[in-house]
Every structure is written in structure tokens, then in C-alpha cells.
Amino acid sequence: MSLLEIRDLGVRFETHHGSVRAVTELSYELDEGETLGLVGESGSGKSVSSLAVLGLIPQPPGVVDAGRVRFDGRDLLALSPKALRAIRGNEISMIFQDPMTSLNPLLTVGRQLTEVLEVHRGVGRREARRRCAEGLGDVGIPNPEARLDAFPHELSGGMRQRVMIAMALLCKPKLLFADEPTTALDVTIQAQILELMGDLRERHGMAIVLITHDLGVVAGMCDRVHVMYAGRLVEVAETRALFHDPQHPYTRGLLRSVPNLKSDPDERLASIDGSPPDLAALPGGCAFAPRCELRVERCQDSRPLLEPVGADDRRAACFEIDRGTRA
Amino acid sequence: MSPLLSVRDLAKHFPVGKAGLSGKPAAWLRAVDGVSFDLERGESLGLVGESGCGKSTTARAIIGLHPPTAGTVEFDGVDLAKLSRRAWLPYRRRIQMIFQDPYASLDPRQTVGSILAEPLKIHDLAKPRDRRLRALALLDAVGLNPRHINRYPHEFSGGQRQRIGIARALALEPELIICDEPVSALDVSIQAQIINLLRDLQERFDLAYLFIAHDLAVVRHLCHRVAVMYLGRVVEIAPRDELYTHPQHPYTRALLSAVPVTDPDVERARRRIVLQGDVPSPMSPPAGCPFHPRCQDREQVAGDRCRTEVPRLERAAAGAREYACHLSGGPESGSSLHD
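Residues numbered from 1 in each chain as written. Chains lettered and ligands numbered in written order. Predicted model: local features only at pLDDT ≥ 70, side-chain atom pairs only at ≥ 80, totals over all residues.

1. Some points on the overall build of chain B
Counting its regular elements, chain B contains 11 helices and 12 strands. At 21 Å, chain B has a C-alpha radius of gyration in line with the 20 Å of a compact globule built from 339 residues. Each principal axis of the C-alpha distribution contributes one length, and for chain B these read about 70 × 60 × 40 Å. Considering only residue pairs separated by 6 or more positions, chain B has 64% of its internal contacts joining residues 24 or more positions apart. (Helix = DSSP H or I, 4+ residues; strand = E, 2+ residues; numbered from the N terminus. Rg over C-alpha atoms; globule rule 2.2 N^0.38 Å. Contact = placed C-beta atoms within 7 Å.)

2. As for the overall build of chain A
The secondary structure content of chain A amounts to 11 helices and 12 strands. Over its C-alpha atoms chain A spans a radius of gyration of 21 Å, differing by no more than 12% from the 20 Å that the globule rule assigns to 327 residues. Each of the three principal axes of chain A carries a C-alpha extent, and together these read 65 × 50 × 40 Å. Sorting the 327 residues of chain A into buried and exposed places 48% on the buried side. (Buried ≥ 20, exposed ≤ 12 C-beta atoms within 10 Å, placed from the backbone.)

3. What about the packing of helix α3 (residues 112-122) of chain B against helix α5 (residues 158-170) of chain B?
When two helices pack together, their arrangement is given by the angle between their axes and by how far apart the axes lie. Residues and elements named next belong to chain B. The interhelical angle for the contact between α3 and α5, taken along N-to-C directions, is 25 degrees, at an axis separation of 8 Å. When the interaxial angle is binned, α3 and α5 end up roughly parallel. The crossing of α3 and α5 is right-handed. The residues of α5 that touch α3, namely those facing Val 112, Ile 115, Leu 116 and Pro 119, are Ile 164, Ala 167 and Arg 168. (Axes fitted to C-alpha atoms, helices over the stretch in contact; angles between N-to-C directions. Parallel < 35°, antiparallel > 145°, perpendicular 65-115°, else oblique. Left-handed = near helix turned anticlockwise from the far one by under 90°.)

4. Regarding the sheet that holds strand β7 (residues 175-179) of chain A
Across a sheet, paired strands are connected by hydrogen bonds in the backbone, their directions being either parallel or antiparallel. Residues and elements named next belong to chain A. Spatially, 8 strands are ordered β6-β7-β8-β3-β9-β10-β12-β11 in an open sheet, and the strand pairing comes out mixed. This sheet does not close on itself; its edge strands, each paired only once, are β6 (92-95) and β11 (307-308). When β7 meets strand β8 (residues 207-212), the two strands line up parallel, connected through 5 bridges. Bridge pairing in β8 links Leu 176 to Ile 208. Strand contacts of helix α7 (residues 157-169): β6 and β7, with the helix running at about 175 degrees to β6, the strand carrying the most contacts. (Pairing = 2+ DSSP bridges.)

5. Re the packing of α5 of chain B against helix α6 (residues 188-205) of chain B
Residues and elements named next belong to chain B. At a minimum axis distance of 10 Å, the contact between α5 and α6 shows a crossing angle of 15 degrees. By the angle between their directions, the pair α5 and α6 is classed as roughly parallel. By crossing handedness, the relation of α5 to α6 is classed as right-handed. Residues Gly 158, Gly 159, Gln 162, Arg 163, Ile 166 and Leu 170 of α5 lie in contact with α6, whose contacting residues are Ile 190, Gln 193, Ile 194, Leu 197 and Leu 201. Looking at the contact of α5 with α6, its residues break down into 6 nonpolar, 4 polar and 1 charged. (Nonpolar A, V, L, I, M, F, W, Y, C, P; charged D, E, K, R; others polar.)

6. Concerning the confidence of the model for chain B
All names here are of chain B. Within chain B, residue pLDDT values average 88, and 96% of them lie at 70 or more. Contacts of residues 330-339 to residues separated by more than four positions or lying in other chains number 16 contacts, the stretch itself having pLDDT below 50. Reported for the predicted complex are a pTM of 0.85 and an ipTM of 0.79. (pLDDT = per-residue confidence, 0-100.)

7. Side note on the environment of Glu 91 of chain A
Residue and element names in this part refer to chain A. Structurally, the position occupied by Glu 91 is in the loop between α2 (81-87) and β6. According to the C-beta neighbour criterion, Glu 91 is partly exposed, with 18 such atoms within 10 Å. Sequence spacing of Glu 91 and Asp 31 is 60 residues, and the spatial spacing of their C-alpha atoms is 14 Å.

8. A short note on the pairing of strand β6 (residues 95-98) of chain B
All names here are of chain B. Alternating positions in β6 separate into two faces, Ile 95 and Met 97 on one and Gln 96 and Ile 98 on the other, with burial throughout. Here 4 bridges tie β6 to strand β7 (residues 176-180), and the two strands are oriented parallel to one another. Each residue of the ladder has a partner; that of Ile 95, found in β7, is Leu 176.

9. Observations concerning the sheet that holds strand β4 (residues 62-71) of chain A
Residues and elements named next belong to chain A. Reading across from one edge, β2-β1-β4-β5 is the order of the 4 strands in this open sheet, with antiparallel pairing throughout. Each edge of the open sheet is held by one strand with a lone partner, namely β2 (18-30) and β5 (74-75). Of the strand pairs in this sheet, strand β1 (residues 4-15) and β2 are connected by 9 bridges, and their pairing is antiparallel. Paired with Glu 14 across the strands is Ser 19, a residue of β2.

10. Description of the interface of chain B and chain A
Tallying the contact residues gives 35 residues for chain B and 37 residues for chain A. Residue assignment for the side of chain B that touches chain A shows that the elements contributing at least two residues are α6, α7 (216-222), α8 (240-245), α9 (250-258) and α10 (264-269) of chain B. No other element matches the 7 residues that α6 of chain B contributes to the side of chain B that touches chain A.

11. Some remarks on helix α11 (residues 249-257) of chain A
Each turn of an α-helix holds 3.6 residues, which means side chains three or four residues apart point in the same direction. A large share of α11 of chain A lies buried, amounting to 7 of its 9 residues. What α11 of chain A keeps buried is the set Pro 249, Tyr 250, Thr 251, Gly 253, Leu 254, Leu 255 and Ser 257 of chain A. Buried residues belonging to α11 of chain A abut α9 (215-221), β9 (224-229), β10 (232-238) and α10 (239-244) of chain A together with α6 of chain B.

12. Focus: the nonpolar core
Membership of the largest hydrophobic core comes to 195 residues, with the highest contact counts inside it found for Leu 210 of chain A together with Ile 178, Leu 210, Phe 211 and Val 228 of chain B. In terms of residues, this core owes the most to one element, α7 of chain A, which gives 8 residues. Each residue touching Val 228 of chain B, except ones within four places of it in the same chain, is listed here: Val 48, Gly 49, Val 234, Val 235, Glu 236, His 249, Tyr 251, Thr 252 and Leu 255 of chain B. (Core = buried A, V, L, I, M, F, W, Y, C linked by C-beta atoms within 7 Å.)

What follows is the structure, given as C-alpha cells:
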């Protein structure tokens with residue numbers, strides 16, 4: 001049985017401008033120890049879907065209006081807020097993009113860390129402090145004992161992100177949601193954090209959902225990749241297959257438009273025309289159709305389903321791709 | 001012919017706090033600490049580095065938003081740092097700027113037409129009726145629908161807003177555009193559109209760009225030459241291909257090795273140079289080479305030169321590159337990082 005199983009998840013927001021569909025019919029599974037990349041551009045629903053799993057969508061204006069989320073045999077959407085709190089930060093942890101706004105500026109790092117163990121594990125103060133110092137040491141923070149008494153503003157961005165990671169890992173979670181964990185950091189610090197996450201994954205064997213728009217980070221970290229567009233999955237594949245042989249025209253466009261260090265710098269970058277659709281007024285057919293180079297007539301009024309492509313466990317939602325069994 | 005822009009020993013130090021009754025600052029933050037480079041007409045120079053390295057402050061010092069503490073900024077032979085406000089005006093027309101956040105840099109209460117006409121009005125370059133025609137032509141030049149001239153900034157997407165910012169910079173037919181992270185707030189597919197647009201415009205209007213970015217892959221697609229900054233100084237400056245295929249300064253090499261590549265095989269096989277620690281505070285930069293506390297090649301330099309002596313930016317034996325490192329023979333592994 002999978003560790004996490006999401007079925008037909010739907011999230012919408014009720015705004016002054018009408019109802020905005022953020023996530024539609026999202027389904028996926030995640031096994032223990034697996035790393036899944038969730039990629040897509042702003043507004044694709046990658047963060048919102050993860051917040052919904054964690055019960056962190058502000059309601060109102062948010063409404064989780066469909067679906068089931070099973071984690072380790074329990075239906076998360078049916079749990080009481082109290083029962084969910086006992087799971088969050090304990091069996092399921094999360095890291096957010098901005099470590100400054102996710103830490104309380106008025107409390108020392110030590111106070112915020114020990115609280116996690118006191119609440120979830122009923123550990124005494126002294127023991128909690130000892131374990132937290134150990135946790136900070138694990139994420140490569142020098143002189144961890146002394147750092148426990150530091151306030152967040154006394155630490156650099158990279159250090160704060162390490163504190164967030166240490167906090168997320170204190171209870172040895174089975175599942176970690178990492179939402180753009182390195183986006184706010186400089187590349188050399190990003191390299192440090194990615195090494196660290198790779199290391200910790202090996203040691204703790206946890207499953208990770210890595211949410212990011214950075215395809216390079218995904219290429220290095222993930223076993224499988226899910227590509228989202230306008231609230232839906234458009235392609236699902238094993239990492240190598242996705243990068244070497246992308247199927248959905250959106251995935252292809254996305255990969256081609258990333259400037260990288262290998263392509264011919266004098267060539268024009270391939271780009272995707274137009275911009276992502278307005279989620280309050282989604283087109284009737286395929287949401288990508290207005291920007292798609294493979295568009296045919298039926299794309300405008302009927303929507304392609306996420307269906308298998310070839311022999312491997314990969315799927316794509318497009319009418320115009322060859323679904324034959326490939327080598 | 002002299003270069004369009006020639007920056008020499010530019011420094012910008014900011015006072016921090018006040019000490020005692022004297023009113024003197026308690027400390028100085030050395031944001032830019034001796035930056036020199038030239039920029040030719042029609043050329044684009046990338047200024048890269050991590051947060052706090054002084055790249056944006058350099059741009060702001062050039063355009064006079066932060067008067068420089070020391071050094072000269074010569075534009076077409078005239079030292080801009082010495083000009084009075086009044087004497088600056090004609091140069092404001094010739095040097096324009098594009099900002100990172102296209103929304104924050106556009107007045108939400110003006111229509112696009114009036115945003116684009118304003119610079120023409122201020123510089124008294126066109127009659128009111130002609131201004132509107134110019135605005136229409138500018139919208140067309142940046143790939144926006146001229147029929148949207150009466151719309152407000154909020155009615156456009158992020159990428160379209162950045163196009164408006166670019167159109168505004170073009171309005172005065174500048175010779176130099178300083179671009180401060182113009183694509184870093186945009187999604188990948190939109191980012192590529194804007195990069196292509198900037199390249200097309202450069203060719204069409206013979207523009208020089210000073211292109212500030214932290215994304216080395218983006219810079220590679222836009223710039224002829226690249227200057228790498230660390231802690232307020234340029235540590236390496238070289239023509240694009242020389243820099244990307246044979247980076248010399250240890251920091252440039254670490255920076256390039258840290259850029260994630262969209263190829264799982266390369267990503268899994270490669271050896272990243274993972275730097276230890278963080279960038280030191282520009283309020284108390286280390287003595288000697290600013291990079292020495294994090295440098296992976298320090299051991300290869302005899303004695304304690306790295307700790308005591310600031311390396312000067314010097315021309316390498318071969319090619320057109322300059323870099324500031326005591327390891328002047330170049331580190332042994334100067335080969336391409338992604339082969």
C-alpha cells in the first residue's frame with residue numbers, strides 16, 4: 001500500500017471575482033522513501049494541492065470540495081483539526097520557501113525547536129534541548145548548542161533554512177513536503193541545502209514531495225515528476241523519462257524554454273506563447289490549448305484525460321501524442 | 001573610440017548606526033568596494049553574483065541613485081559622478097533602467113499610454129499628439145497589442161507588465177539600459193519570451209545592456225561579457241565563452257558548479273563544489289582576499305598571502321579575461337565543469 005494516496009482532490013477559492021478553481025481532479029500516490037517532484041508555474045496548483053493535504057487551506061475563502069487523501073491508512077480530509085495537528089509536524093512535516101516568515105521572530109530558535117518535541121513527543125525541556133542541538137548539528141549548523149539561544153534575525157538565510165529543515169525532521173517524519181525549499185537562497189547555499197536534503201533522505205528514508213518551478217533541482221533530486229498546469233496534472237513520469245523524452249507539449253515547451261549552461265547561447269530560446277490561463281475563467285477544453293503548438297479542433301471543446309503513454313508507468317493528458325508502445 | 005561606459009574604482013559605502021555625540025556613523029557597510037569595467041556601444045555585460053555582493057548598488061551608483069563614495073563613472077567621456085542634478089538630465093535620457101518587479105515599478109493609476117508618454121513629456125521630446133503615436137509604436141515594438149493602450153497595469157499579466165517596463169525604457173531611445181534582474185520574478189516560459197525580446201531589441205536599436213542577474217544560465221543567453229562580483233568587488237571578468245567553459249577564479253568555478261542542470265544524468269554524476277559557510281558581512285569583510293575563508297583552492301597558495309593581501313584584478317596570460325586570485329597560474333582543474 002502507498003504511504004500517501006490522493007484521489008480526485010479539488011480545491012477552489014471563493015473570491016470577489018467569482019469562484020477560482022485552483023486544483024481539479026488531482027490524483028497521485030507516493031511510496032515510502034520515494035521523492036516526487038511537483039512542478040509547474042505560478043498558479044498551477046502545486047502549492048495549493050499540498051496545503052490541502054496538510055489541512056492548511058484557509059477556509060474561507062478556500063474550499064476543499066472533492067477528493068480523498070489517505071496517509072498511512074487514515075483519511076486526512078476526514079480528521080478533526082486536533083487529530084490533524086497531531087500528525088502535522090510529527091508524521092508529516094513541511095518546509096516552506098521563506099524561512100524568515102516561517103520562523104517566529106520573537107522566540108529563540110531553541111524555543112521554537114523544543115516546542116515541537118514537547119508537543120508531539122511529550123519530551124521534557126532538558127531532553128528536548130539536547131535532541132534539538134543534535135538536530136541542528138545534523139543539518140550542518142556549527143556550534144549548535146549556542147545557536148539554540150539565537151533569534152532568527154541573527155542567522156543568515158541559509159542558516160534559517162537549515163533551522164526549518166532541522167525542525168521538520170525532529171520527529172523523523174515519514175513524509176516531508178518541501179515547498180520551494182531553496183528558491184529564496186543563492187546558488188551556492190542552494191547547493192549546500194540540496195546536498196543536505198539528499199543526505200537526510202538516505203539516513204531517514206522518508207518520502208519527499210518537492211514542490212518547485214526549478215527543473216534543474218528536480219532533475220537532481222526526484223525519482224518521479226508530476227507536471228501541473230492550471231490545477232491539473234498534465235504529465236506524470238519517471239524523472240529520466242520526463243527529461244529525455246517529454247510527451248506533453250507543455251512539458252516540452254517548459255524544458256525547452258529553460259536557459260541552461262549547455263545549449264547554444266546564440267540560439268533564440270524556445271518560449272511558450274501567451275500566458276497561463278485565468279483560473280476564474282478556464283477554457284472549456286484543454287486548458288493549455290490556447291498556447292499549444294499541437295492544437296487541433298477538438299482540444300477546444302473536449303478535455304484530454306491523463307492516460308498511459310508507452311510501456312513505462314507514464315501518463316500524459318493530450319490528444320495529439322503517440323501512445324504506441326515504445327522501446 | 002572610447003567605451004560608452006567606463007567605471008573605475010567605484011565604491012559605495014553606507015553609514016550604519018550612529019555612535020556618540022559626534023554624529024559619526026558607528027560602522028560602514030562596504031556594499032561596493034572598488035569596481036572597474038568598460039562597456040562598449042551595442043554590447044551587453046552581465047553583472048552576476050549572490051545577494052549582497054553589490055551588483056544592484058553598482059547599478060544604482062552608475063545611474064546616480066546612490067552617489068558614489070569614490071571612483072568615476074564615465075559615460076561617453078563625461079564623469080557622471082561629478083554632475084549637478086540639472087546637468088544630469090540629458091544623461092537620464094541616454095541611460096534607462098528596467099527593474100525586477102514590473103508591478104511595483106509601474107504607477108497603478110496611470111494607463112499604459114500615459115506611462116509611456118510621460119518620459120517624452122518630461123524631456124519635451126514630442127508634441128502631445130505625437131506622444132500617443134510613439135506610445136502605440138512602443139507597444140508594438142515590445143510585442144503588446146497597441147489596442148490595449150488605455151488599459152491599466154493591473155489588467156496585464158506579469159510578463160506583459162515587464163514588457164511595459166521595457167517599452168518605457170525604450171521611449172527615450174537610450175544608448176544604455178541597465179536591467180536589474182528583469183526576468184527573475186517571471187515564470188520560466190515567460191522568462192524565455194522576455195530574454196528573446198531583449199535580444200531582438202538590442203539588435204534593432206543597437207542598445208548596450210548592463211544586465212544584473214543572479215542566474216548564470218540567463219546571463220549566458222544575453223551577454224557578450226560577464227563580470228562576477230563577490231563582496232563588493234569584481235573577482236573575474238571575461239568574454240562569455242571563456243568564462244563559462246574555463247572559469248578561473250575559484251568563486252566563479254564554485255558558482256558555475258552549483259547551477260542545477262535540467263538533465264538527470266548530468267545532475268547525478270556531477271561533482272558540485274559545495275562552498276563552506278556563508279558570505280561574510282560587508283560590514284567587516286575579511287582581510288586579504290574577500291573570498292579566502294570559503295575558498296577551496298586556498299591551500300594551493302604558498303604562505304598566507306590569501307589572508308593578508310588583496311589580489312588585484314589582472315589580465316590572464318591568454319585571452320581577454322581578467323581575474324583576481326593569487327593562484328595566478330590558474331587552478332589545475334580549469335576545465336569545463338559540465339563535460
